[in-house]
Amino acid sequence: MISRLKKLWQYEPGLVGCSVAFLGIATICFLGGLLIPHDPHVQNLPLGPTSPSLEYWLGTDSLGRDLLARILQGGRVSLLIALSAAFIATSIGVTYGSISGYLGGWIDAAMMRLLDILYAIPFILLVILLMAVFGRSFWVLFIAIGSVQWLTLARIVRANIIQLKSKTFVEAAETFGQSRANILIRHLLPNLIGPVIVYSTLLLPTAILMESALSFLGLGVQPPDSSWGSLIRDGADKMVSYPWLMAFPTVFFVGTLLCLNLLGDRLRDHLDVRKL
Amino acid sequence: MIRFILQRFIQSVLLIYIVATLVFLLVRITPGGPFSQDRNLRPEQIVQLEEQYGLSETGFHQYYKFIYSLSPKQLNPVGLIQWDIEKAFGVDLGYSMRYEGRRVNQLLQDSLPTSFELGLYALLLAMVVGVISGVAASVYPDQWPDRALSIFYTLGICIPALALAPILIGFFGFMLPSSLQLPVMHWDSPSHKVLPVLALSFYYLGSLGRLTRAYMLEVSSAPYLKAARAKGLGTWKIAFKHGLLSTLSPIIAYIGPTAAHLLTGSFVVEAIFNIPGMGMHLVNSALNRDYSLLIGCVLVYTVLIVVLNTIADIIAYYLNPQSRES
């Protein structure tokens, strides 16, 4: 295990670097909150906005709340929503794509037609509508984002399954009388781990973008909770007088997106996934 | 070709009705109505208001009326140029539930051109700069221009409008000497439009540049390009005259979905720069549960996107010789 990691570091320093950086950000967000003495929600009105100091490392916002604690809390929300949305999207996409590709025939044609239709629907509008109609809760947010991001993955999985199912190992399994479900789950899907990992990784920044845009508009995470999008919004309003309120959340936000996008690219090159 | 266009047209019309149905269902199945949040209304007032907006009838009847009111009854090109939905299609979207006495058609007519202009400029900028620089990057693979552009593109997809716009405002609006500053609010003179368009287009510039570069590198080993090189044609001439032509159709096919994606950014950009466009109406109506305005915005956006998608599809189909011949 260690020697394999060492080899990976030797040949793919970018891949390892990006993974470590992303894991670092995630760890800071999820565990860092325990180490900071400040609560993200506790206000200190007489204190008001202060610039970074030893007591408050990244300063405080206009209600006297510790900015670092709020950024970490916002990061937890952003990452949790992105991870669960990517998980939902991956599950739906893999199931849909593999069934469509493996069964083929008119079922495949019908399923792909439906996918074409779904592709053309501007989902951001429906998500906004959902948020307006069902209230702006965490659950609605990640289910809404997750259920619109699976389309590309379904196409990729289908294309790969179609390519694989004419291979001899599938024929062999069929000769042995294995059931179709068994062949799909035990023999075909394990071969798709590469592309699925790559595209799920690339789903994360997309989900983060969508969540932050909604939160930025006030349609996502609601106060007193924060997410990176809503923190940037709050910071942008007071940017001229208190620039750190905007600068620090932006650094975390852009840094995470950078890590995830580079990680996805490196993974694609490393696992040699064909672009579709 | 004609068959393809006809097929796409029918598909688009169907799609718009599917979205309209989804919208209707989403809005109607929820427990709270648009007036349930107003605490100071007496129950009988709510009943009266709901009657006034046609919310008290049965679901099916409401659906029928909804679909009927949205269906185009005429087609008048003059109305299209004036952004007047009623004049162009004979569609009346009713009255806003929050802006009292204001018609949704009027609100949209006032805001639609601004949003359209913003989106169009951003898309054009992203296309022109993204495609040309992508071709340039592919001419020097793994040399410094390619490296520099790749970093630029990656930054583009990592700094979305909501992060870029405040940075641009801070820099161009406050840090530069006042003779060089640009206005950071509203949408009047051309100088007002620079920053919003830049903020909106940067992300798409990055992704289009990456896409163009990747496609160009893919075709660069194709035999016909090798033949062109063997003939002694210049590198740039090959790239722009022969390479770009074959990558054009995937790029144009990409524009359709991008136009839809651009909306998310344009809502954000309109909010930051205080631009009185449709995004502002959409967001405010979603926050206030102003259903008639919300539905109007969603449907107008849907129609715009579907039309753009269809046009992009038809152009891509026409550009692809394989599909043209069959």
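Small disclaimer: the values here were computed from a predicted structure and weren't measured. (Residues numbered from 1 in each chain as written. Chains lettered and ligands numbered in written order. Predicted model: local features only at pLDDT ≥ 70, side-chain atom pairs only at ≥ 80, totals over all residues. Heavy atoms only, no water.)

**Details of the overall build of chain A**
Link 1 in the chain: Check the secondary structure of chain A and you find twelve helices and zero strands.
Link 2 in the chain: Secondary structure elements in chain A, listed N-terminal to C-terminal, are α-α-α-α-α-α-α-α-α-α-α-α.
Link 3 in the chain: Principal axes of the C-alpha set define a box for chain A whose edges measure 75 × 50 × 25 Å.
Link 4 in the chain: Of the contacts made within chain A by residues no fewer than 6 positions apart, 72% connect residues no fewer than 24 positions apart.
Link 5 in the chain: Accessible surface, chain A: about 12,900 Å² in total, of which carbon and sulfur atoms supply 66%.
Link 6 in the chain: The average position of the 20 basic charges and that of the 16 acidic charges among the side chains of chain A differ by 8 Å. (Helix = DSSP H or I, 4+ residues; strand = E, 2+ residues; numbered from the N terminus. Contact = heavy atoms within 4.5 Å. Areas by Shrake-Rupley, 256 points an atom, 1.4 Å probe, with all protein chains shown as cover. Lys, Arg positive; Asp, Glu negative; His and termini not counted. Charge placed at Lys NZ, Arg CZ, Asp CG, Glu CD.)

**Thoughts on the overall build of chain B**
Link 1 in the chain: When helices and strands are counted, chain B shows 14 helices and zero strands.
Link 2 in the chain: When the elements of chain B are put in sequence order from the N terminus, they spell out α-α-α-α-α-α-α-α-α-α-α-α-α-α.
Link 3 in the chain: Across its three principal axes, chain B shows a C-alpha extent of roughly 85 × 60 × 35 Å.
Link 4 in the chain: Evaluated residue by residue, chain B yields a buried proportion of 48% over its 326 residues.
Link 5 in the chain: Here the analysis covers contacts within chain B between residues at least 6 apart in sequence; of these, 67% occur between residues at least 24 apart.
Link 6 in the chain: Per element, the accessible surface of chain B, about 16,400 Å² overall, is 66% carbon and sulfur. (Buried < 20%, exposed > 50% of the residue type's maximum accessible area, 1.4 Å probe, protein only.)

**Digging into the domain arrangement of chain B**
All names here are of chain B.
Link 1 in the chain: Assigned domains within chain B: domain 1 (2-104) and domain 2 (108-325).
Link 2 in the chain: Each of domain 1 and domain 2 has a C-alpha centre, and the two are 31 Å apart.
Link 3 in the chain: Between domain 1 and domain 2, roughly 2,600 Å² of surface is buried when both sides are summed, and carbon and sulfur atoms account for 72% of that area.
Link 4 in the chain: If you look at where domain 1 meets domain 2, you find one salt bridge.
Link 5 in the chain: Here Arg-8 ties to Asp-313 by a salt bridge, and the two come within 2.7 Å at their closest N and O atoms.
Link 6 in the chain: Inspection of the region where domain 1 meets domain 2 yields four residue pairs in polar contact (both at pLDDT 80 or more).
Link 7 in the chain: Where the side of domain 1 that touches domain 2 is concerned, the elements lending two or more residues are helix 1 (2-28) and helix 3 (59-70).
Link 8 in the chain: Considering each element in turn, the side of domain 1 that touches domain 2 owes the most residues, ten residues, to helix 1. (Domains from an automatic or database assignment. Buried area = accessible area lost by both parts, 1.4 Å probe. Salt bridge = Lys/Arg side-chain N within 4 Å of Asp/Glu carboxyl O. Polar contact = N/O pair within 3.5 Å; in protein donor to acceptor, adjacent residues only side chain to side chain.)

**Thoughts on the interface of chain A and chain B**
Link 1 in the chain: Taken together, the contact between chain A and chain B spans 39 residues of the former and 44 residues of the latter.
Link 2 in the chain: Taken over both partners, the interface formed by chain A and chain B buries close to 3,600 Å², and the fraction arising from carbon and sulfur atoms is 81%.
Link 3 in the chain: For the interface between chain A and chain B, the tally reads one salt bridge.
Link 4 in the chain: The partner of Arg210(B) in a salt bridge is Asp265(A), and the shortest N-O contact between them spans 3.0 Å.
Link 5 in the chain: Taken together, the links from chain A to chain B amount to two residue pairs in polar contact (both at pLDDT 80 or more).

**Considering the environment of Ala259(B)**
Link 1 in the chain: Mapping Ala259(B) onto the fold places it in helix 11 (residues 235-272).
Link 2 in the chain: Between the C-alpha atoms of Ala259(B) and Val135(B), which are 124 residues apart in sequence, the distance is 22 Å.

**Concerning the packing of aromatic side chains**
All names here are of chain B.
Link 1 in the chain: Evaluation of the coordinates by the stated rule reveals 14 aromatic pairs over all chains.
Link 2 in the chain: Ring plane angle 65° and centroid distance 5.9 Å describe the contact between Tyr-140 and Trp-236, whose orientation is recorded as edge-to-face. In this pair, Tyr-140 is assigned in the loop between helix 6 (104-139) and helix 7 (144-158) and Trp-236 in helix 11, connecting sequence segments 96 residues apart.
Link 3 in the chain: With relative accessibility at 38%, the residue Trp-236 sits in the partly exposed group.
Link 4 in the chain: Judged by centre distance (5.1 Å) and plane angle (90°), the rings of Phe-171 and Phe-172 are edge-to-face.
Link 5 in the chain: Relative accessible area serves as the criterion here: at 38%, Phe-171 is assigned to the partly exposed category. (Phe/Tyr/Trp six-rings, centres within 6.5 Å; stacked < 30°, edge-to-face > 60°.)

**Details of the confidence of the model for chain A**
Link 1 in the chain: Per-residue pLDDT for chain A averages 84, and the proportion of residues at 70 or more is 98%.
Link 2 in the chain: Ranking the helices and strands of chain A by mean pLDDT puts helix 3 (residues 67-103) of chain A first, with 90, and helix 5 (residues 123-134) of chain A last, with 78. (pLDDT = per-residue confidence, 0-100.)

**A word on the pattern of salt bridges**
Link 1 in the chain: Applying the stated criterion to the full structure yields six salt bridges over all chains.
Link 2 in the chain: Of the charged contacts, one joins Asp265(A) and Arg268(A) as a salt bridge, the two residues approaching to 3.3 Å between their closest N and O atoms. Taken as a pair, Asp265(A) and Arg268(A) lie in helix 12 (residues 244-271) at a separation of three residues, close to a single helical turn. With respect to burial, Asp265(A) and Arg268(A) carry one shared label: buried.
Link 3 in the chain: Its salt-bridge partner being Asp146(B), residue Arg213(B) comes within 2.6 Å of it at the nearest N-O pair. Separated by 67 residues along the polypeptide, Arg213(B) in helix 9 (residues 190-219) and Asp146(B) in helix 7 bring together distant segments of the chain.

**Brief notes about the nonpolar core**
Link 1 in the chain: Membership of the largest hydrophobic core comes to 143 residues, with the highest contact counts inside it found for Phe253(A), Phe267(B) and Phe273(B).
Link 2 in the chain: Here the element with the most residues in this core is helix 3 of chain A; it accounts for twelve residues.
Link 3 in the chain: Looking at which domains feed residues into this core, each of domain 1 (2-104) and domain 2 (108-325) of chain B supplies at least three.
Link 4 in the chain: With sequence-adjacent residues up to four places away left out, Phe267(B) is seen in contact with Ile124(A), Leu125(A), Ile128(A), Leu217(A), Gly279(B), Leu282(B), Val283(B) and Tyr301(B).
Link 5 in the chain: Cys18(A), Ile161(A), Tyr199(A) and Leu202(A) belong to the second largest nonpolar core, which has 21 residues in total. (Core = buried A, V, L, I, M, F, W, Y, C linked by side-chain atoms within 4.5 Å.)

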